[in-house]
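An overview of the molecular structure
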Amino acid sequence: MTRPHDMGGRYGDGPVLPEPQGIVPFDRDWHRSALALTLAAGGLGAWNIDTSRHARECLSPKDYARFSYYEKWIAALADLLVAKGLLSETELAAGTADPAPPHPGIFRAEAVAPALAKGSPYARDGRAAVFTIGDRVRTRLPARNALVDGGHTRLPSYAAGHVGAIVLCHGAHVFPDANAHGLGERPEPLYTVAFDAAALWGKAERAGDEVTLDLWESYLERA
Amino acid sequence: MPHDHHEHPHSLLPSDPALRVKALETILTRKGLVDPAALDAILDTYERKVGPHLGAQVVARAWSDPAFLGELRSDASAAIATLGISGRQGEHVVAVENTPEVHNMVVCTLCSCYPWPLLGIPPAWYKSDAYRARAVREPRKVLAEFGVTLPEGQKVRVWDSTAEVRYLVIPMRPAGTEGLGEADLAALVTRDSMIGTGLPGVPS
């Protein structure tokens, strides 16, 4: 049921390597280009954030493991551009394309600052929340997209089938399981649910430690 | 020659990552899908303007101004907007306060969600498999790798950012900072202390 991005709790990854504080410099010039191209192409409006996350998740497990962070971005971007008909496989293979006039949706330099400062809010008017703070809920088991086989979902496997308590109610938010697949936004109430670490992992590093996740209502049932 | 249909068309690009990106950039600019000046504007934003100094302003204000802290608790996105901070990957902000009882730490196990308008681009460790895999299961061992040991009695709450809500950790105000103004306080607030893998500095 899982894809390689769903790695929460996995063993064997080695130490975390801290870095200096402050603004993070790019390690390589091509990292800069990868980030800028991904954001600029996203500005065309041909896909949403859930589609682009799903494109990265759809890399083969072998590629997902061997690609560095920005290699994943670039590979998923190329795949999305072809899937949306904006580029052809012939152009990718050639590494170039015939010159064309600007696309009507091109993300212009003057639009960058206002668009980045505005963002894209995901809260929507939607149905009233069924649960309230303090309610005990059980997550879906197994973690899966109930609309599309093998589709995008934001319930990690490590938290599937567990009982937790609602700690925050966020109102209705765009539902990624639908939005990633062109099925519309289908907003649902979104909650933050706290789980006892000992329940998730069999034992906690210290009794009372917790993990919280942001989960949509259809992932949850009353416990 | 390419086949008629590839499940993963990216494999048609050169395998060297620098050449892959260059090829894609060439195609996109020649096809009029990307404005080269927009690329520069995006990089200018995240290399020079947006970074953890902005989150540090929020923390320093929260430490100094009880009314602002109240606004931050009730609607953090609205509160930070009063400081001119808003935007992509920070549309729905929640501030989580460290206390003697609870230490908060933020991760995104499924990708690398991060509060960009407050902290800028995430550091490599935040996006690493090791952090994504381990932060939820053994946060205290991860904290030790950052040189952080929590006192007995302080529980850890790890926030896995699985939606579009972005969490900003408000660390505890260090002792000995009673006389400091907001700018001096902000200088003590590190990026890692706002993710929860570090603690703020102490006045020298």
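Residues numbered from 1 in each chain as written. Chains lettered and ligands numbered in written order. Predicted model: local features only at pLDDT ≥ 70, side-chain atom pairs only at ≥ 80, totals over all residues. Heavy atoms only, no water.

What follows covers the overall build of chain A. When its secondary structure is counted, chain A shows 8 helices and 6 strands. Moving toward the C terminus, one meets the helices and strands of chain A in the order α-α-α-α-α-α-β-β-β-α-β-α-β-β. Taken along the three principal axes of its C-alpha coordinates, chain A extends 60 × 45 × 35 Å. The 223 residues of chain A split such that 50% are buried. If you take every contact in chain A between residues at least 6 apart in sequence, the share linking residues at least 24 apart comes to 68%. In the form shown here, chain A has an accessible surface area of approximately 9,900 Å², with 54% of it arising from carbon and sulfur atoms. Averaging the coordinates of the 23 positive side-chain charges in chain A and doing the same for the 27 negative ones gives two points 2 Å apart. (Helix = DSSP H or I, 4+ residues; strand = E, 2+ residues; numbered from the N terminus. Buried < 20%, exposed > 50% of the residue type's maximum accessible area, 1.4 Å probe, protein only. Contact = heavy atoms within 4.5 Å. Areas by Shrake-Rupley, 256 points an atom, 1.4 Å probe, with all protein chains shown as cover. Lys, Arg positive; Asp, Glu negative; His and termini not counted. Charge placed at Lys NZ, Arg CZ, Asp CG, Glu CD.)

Another aspect to go through is the domain arrangement of chain B. What the domain assignment reports for chain B is domain 1 (15–48) and domain 2 (50–195). Using C-alpha coordinates to define each centre, domain 1 of chain B is positioned 31 Å away from domain 2 of chain B. (Domains from an automatic or database assignment.)

With 13 residues, helix H3 (residues 52–64) of chain B extends 18 Å between its outermost C-alpha atoms, agreeing within 8% with the 18 Å of an ideal straight helix rising 1.5 Å per residue. Regarding H3 of chain B, the residues found buried are Pro52, Leu54, Gly55, Ala56, Val58, Val59, Ala60, Ala62 and Trp63 of chain B. (Expected span 1.5 Å × (residues − 1).)

The subject of this paragraph is the interface of chain A and chain B. Listed per partner, the contact involves 103 residues of chain A and 93 residues of chain B. Summing the contributions of chain A and of chain B, the shared interface buries around 8,500 Å²; its carbon and sulfur component is 61%. Of all residues in chain A, Val16, Glu89 and Glu205 of chain A bury the most surface against chain B, accounting for 9% of the area lost on that side. Our count for the contact surface shared by chain A and chain B stands at 8 salt bridges. With its nearest N and O atoms 3.2 Å apart, the salt bridge here joins glutamate 91 of chain A to lysine 31 of chain B. Between chain A and chain B we count 49 residue pairs in polar contact (both at pLDDT 80 or more) in total. It is helix H4 (residues 69–83) of chain A that contributes the most residues to the side of chain A that touches chain B, 11 residues altogether. (Buried area = accessible area lost by both parts, 1.4 Å probe. Salt bridge = Lys/Arg side-chain N within 4 Å of Asp/Glu carboxyl O. Polar contact = N/O pair within 3.5 Å; in protein donor to acceptor, adjacent residues only side chain to side chain.)

What follows is about the nonpolar core. One finds Leu35 of chain A together with Leu24, Leu72 and Tyr131 of chain B to be the most contacted residues of the largest nonpolar core, which totals 120 residues. In terms of residue count, H4 of chain A provides more of this core than any other element does, 10 residues in total. With sequence-adjacent residues up to four places away left out, leucine 72 of chain B is seen in contact with Val58, Ala62, Ala79, Ile80, Ala95 and Ile170 of chain B. The next biggest cluster of nonpolar side chains, apart from the first, holds 5 residues, and it includes Leu59, Tyr64, Phe67 and Ala75 of chain A. (Core = buried A, V, L, I, M, F, W, Y, C linked by side-chain atoms within 4.5 Å.)

Under the definition given, this model contains 16 aromatic pairs over all chains. Ring plane angle 45° and centroid distance 5.3 Å describe the contact between tyrosine 69 of chain A and tryptophan 73 of chain A, whose orientation is recorded as tilted. Separated by 4 residues within a single helix, tyrosine 69 of chain A and tryptophan 73 of chain A lie in helix H4, roughly one turn from each other. An identical accessibility class is assigned to tyrosine 69 of chain A and tryptophan 73 of chain A; each is buried. Every member of this aromatic cluster is reached through a ring pair, and the members are Tyr114, Trp125, Tyr126, Tyr131 and Phe146 of chain B. Note that arginine 61 of chain B overlies the ring of phenylalanine 68 of chain B, its terminal NZ or CZ placed 5.8 Å from the centroid. (Phe/Tyr/Trp six-rings, centres within 6.5 Å; stacked < 30°, edge-to-face > 60°. Lys NZ or Arg CZ within 6 Å of the ring centre and 35° of its normal.)

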